[in-house]
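# Understanding the architecture of this molecule
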Amino acid sequence: MSHDLLTLVQWLSPAFPTGGFAYSHGLESAISAGQVTDAAALRQWLTEVLHFGAGRQDAILLVQALGPEADHSALDDLARALQPSSERLSETLEQGTAFARTVAALTGRALPARCLPVAVGEAATPLSLPPAQVAALYLHAFASNLTSVAMRFMPLGQEAGQGVLAALHPVIDALATEATRLTLDDLGSSALGADLSALAHETLDVRIFRT
Amino acid sequence: MLTIPINQPMQRSRGDAWVSLAHGAAGLRLTGLRQQGSAKCILPHGAVGRQGPPEVVFLNTSGGLTGGDVLSYAVTLGPRARAVATTQTAERAYRSSGGPAQVRVTMSIDAQGWLDWLPQETILFDGSHLDRRTTLDLGPGAGCLLLECVVLGRAAMGETVARVGLSDWREIRQSGRPVMVEPLALTDRALQTGAAGLGGARAFASVAMIGQGVADLLNPVRAVLDEPGVTAAASAPESRLMLRMMAGDGWPLRRQIARCLAVLRRGQPLPRVWQM
């Protein structure tokens with residue numbers, strides 16, 4: 001196994017101090033509202049967030065940020081402008097900031113605060129890994145974190161939760177491959193329910209997660 | 001000899017309308033107007049120079065959009081100029097037999113200016129294919145209010161939409177940098193999505209407001225987000241105010257939009273062409 005792959009796996013692991021466990025991407029309000037109540041509903045929710053929402057969007061931004069000619073500052077402006085709510089902006093920016101700070105401390109490189117997909121793409125540029133592999137591991141980390149959120153917040157056992165995550169592998173794999181063929185003009189979302197859920201989270205009476 | 005071209009795309013409509021307003025010695029005045037093809041631009045008589053911002057009304061005389069149509073609306077506002085722009089009726093995108101209809105909406109608002117871009121809803125019919133790009137360029141200190149509302153078919157007429165292609169890119173830039181980008185995309189598969197996607201909703205609206213103090217409107221606008229049949233929420237990331245709404249049908253959504261606009265526009269009446 002390559003050294004570069006181990007480096008990326010470390011960066012995207014739950015132990016890496018980006019604080020990902022605190023962000024539910026609107027899933028907490030969907031669970032509170034009774035929109036996600038079991039493993040099947042969770043699988044559908046996550047599939048749609050990946051395929052029609054932030055998953056595909058982040059994969060495109062990440063692949064662009066990996067490009068040799070990438071303008072990371074412009075990509076970061078775009079990534080911020082794409083966020084539909086203040087909590088979603090915090091989610092991607094605070095994780096990206098912590099990610100960049102930690103990688104900078106480990107590598108001695110100057111890595112400014114960016115939204116997460118741009119931060120990961122910028123940090124991973126020197127790694128000799130195919131962009132589709134970087135995107136797949138990024139999406140897996142995103143889906144894994146949300147699965148963990150669900151397991152902490154709804155009646156869902158460890159095995160059922162891991163089953164949902166395993167079932168998302170084909171979606172993640174296909175999206176990561178597709179993202180390498182896409183450009184910024186291909187950005188497009190129809191995860192309107194997930195977005196609305198993220199906006200509604202701001203006014204939930206009781207909140208465990210930050211988004 | 002008469003030759004009949006085959007395999008040639010049907011002649012489709014072209015329209016291009018542009019209006020420019022700027023402050024002169026005697027107040028706001030019309031400084032440019034272009035109307036070509038199916039696009040028209042109406043400035044209600046006496047609107048310019050009267051109290052309140054003028055209302056610019058765009059109209060597509062072709063009666064709707066289909067594959068191959070090209071339509072362009074544009075407004076240019078000079079420094080400190082304020083205006084409201086809207087459309088005469090709902091825009092209809094009909095079944096397309098070849099390629100998308102292309103719509104370009106290009107608004108340029110110079111320093112300290114303000115534009116309300118409040119088009120009426122876009123109705124997508126089964127098999128329609130629309131590629132729309134709305135861009136608002138704000139100069140320093142300029143602001144805007146942007147509304148977009150998309151309805152799938154007319155539920156009251158028993159119409160269902162199973163096939164659609166929509167690429168609806170909305171972008172607001174300030175001094176050249178993007179501050180709000182919302183690329184709505186709908187496909188046949190997206191129409192079938194559950195709770196994280198459309199979840200059976202057939203009408204959706206987004207509002208984005210950029211400008212000084214817009215975050216102060218967050219709580220007042222949240223207080224009116226209770227229209228029956230509509231799910232809606234608001235947020236204020238950085239210097240913008242964002243609203244999202246979803247409904248099973250266009251009518252409750254229209255009522256919710258009107259109530260939100262009354263708050264955001266501080267009681268200023270809706271454009272006259274909006275028949276509520």
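Please refer to the structure higher up on the page.
This section reports on the structure supplied with the text.

### Considering helix H11 (residues 192–201) of chain A
In terms of burial, H11(A) is largely enclosed, as 10 of its 10 residues are buried. What H11(A) keeps buried is the set A:Leu192, A:Gly193, A:Ala194, A:Asp195, A:Leu196, A:Ser197, A:Ala198, A:Leu199, A:Ala200 and A:His201. Residues of H11(A) that are buried make contact with helix H2 (27–32), helix H3 (39–52) and helix H6 (86–107) of chain A together with strand E15 (203–210), strand E16 (230–235) and strand E17 (240–247) of chain B.

### Some words on the interface of chain B and chain A
Every contact between the two is made by 30 residues of chain B and, on the other side, 32 residues of chain A. Going through the elements one at a time, strand E14 (177–186), E16 and E17 of chain B are the ones with two or more residues in the side of chain B that touches chain A. Residue contributions to the side of chain B that touches chain A peak at nine residues, all from E14(B). Grouping the constituent residues of the side of chain B that touches chain A by class yields 19 nonpolar, seven polar and four charged.

### Let's talk about the environment of A:Gly96
Residues and elements named next belong to chain A. Looking at the secondary structure, you find Gly96 in helix H6. Overall, the presence of 26 C-beta atoms within 10 Å leaves Gly96 in the buried class. When the C-alpha atoms of Gly96 and Cys115 are compared, they prove to be 4.8 Å apart, with 19 residues separating the residues in sequence. Beyond its immediate sequence surroundings of up to four residues, Gly96 is in contact with Ala113, Arg114, Cys115, Leu116, Val118 and Ala119.

### With respect to the sheet that holds strand E2 (residues 27–37) of chain B
Residues and elements named next belong to chain B. Pairing is mixed in the open sheet, where seven strands are placed in the order E2-E1-E5-E8-E11-E13-E14. Either end of the sheet is taken by a strand with one partner, and the two such strands are E2 and E14. Adjacent strand axes in the sheet meet at a mean angle of 5°, parallel and antiparallel pairs treated alike. Summarising the sheet, strand E11 (residues 128–138) and strand E13 (residues 164–174) pair through 11 bridges and their orientation is parallel. Along E13, the bridge assignment pairs Leu130 with Leu166.

### Section: the environment of B:Ala74
All names here are of chain B. On the secondary structure map, Ala74 appears in strand E5 (residues 70–77). With 28 residues separating them in the primary sequence, Ala74 and Gln102 have C-alpha atoms 14 Å apart. With residues up to four places along the chain from it excluded, the contact list for Ala74 reads Trp18, Thr106 and Met107.

Reading the values: rules and limits
Residue indices begin from 1 for each chain and proceed along its sequence in written order. Starting at A for chains and at 1 for ligands, labels are handed out in the order in which the entities are written. Local features in this predicted model are restricted to residues whose pLDDT is 70 or higher, and side-chain atom pairs enter the listing and the counts only when it is 80 or higher, whereas totals over whole chains, interfaces and linings include all residues. Put plainly, a residue is buried at 20 or more neighbouring C-beta atoms within 10 Å of its own, exposed at 12 or fewer, and partly exposed in between, counting only other residues' C-beta atoms, which are placed from the backbone. Put simply, DSSP marks the helices as runs of H or I at least four residues long and the strands as runs of E at least two long, and each gets a number from the N terminus on. Each residue gets a C-beta atom placed from its backbone, and two residues are in contact if those atoms lie within 7 Å. When residues are sorted by character, Ala, Val, Leu, Ile, Met, Phe, Trp, Tyr, Cys and Pro go into the nonpolar class, Asp, Glu, Lys and Arg into the charged class, and all the rest, Gly among them, into the polar class. Paired strands, in this sense, are two strands between which DSSP finds at least two bridges. Each axis is a line fitted through C-alpha atoms, and for a helix only the stretch in contact is used; angles between axes span 0 to 180 degrees, taken between their N-to-C directions.

Without other data, these values stay purely geometric and don't point to any function.
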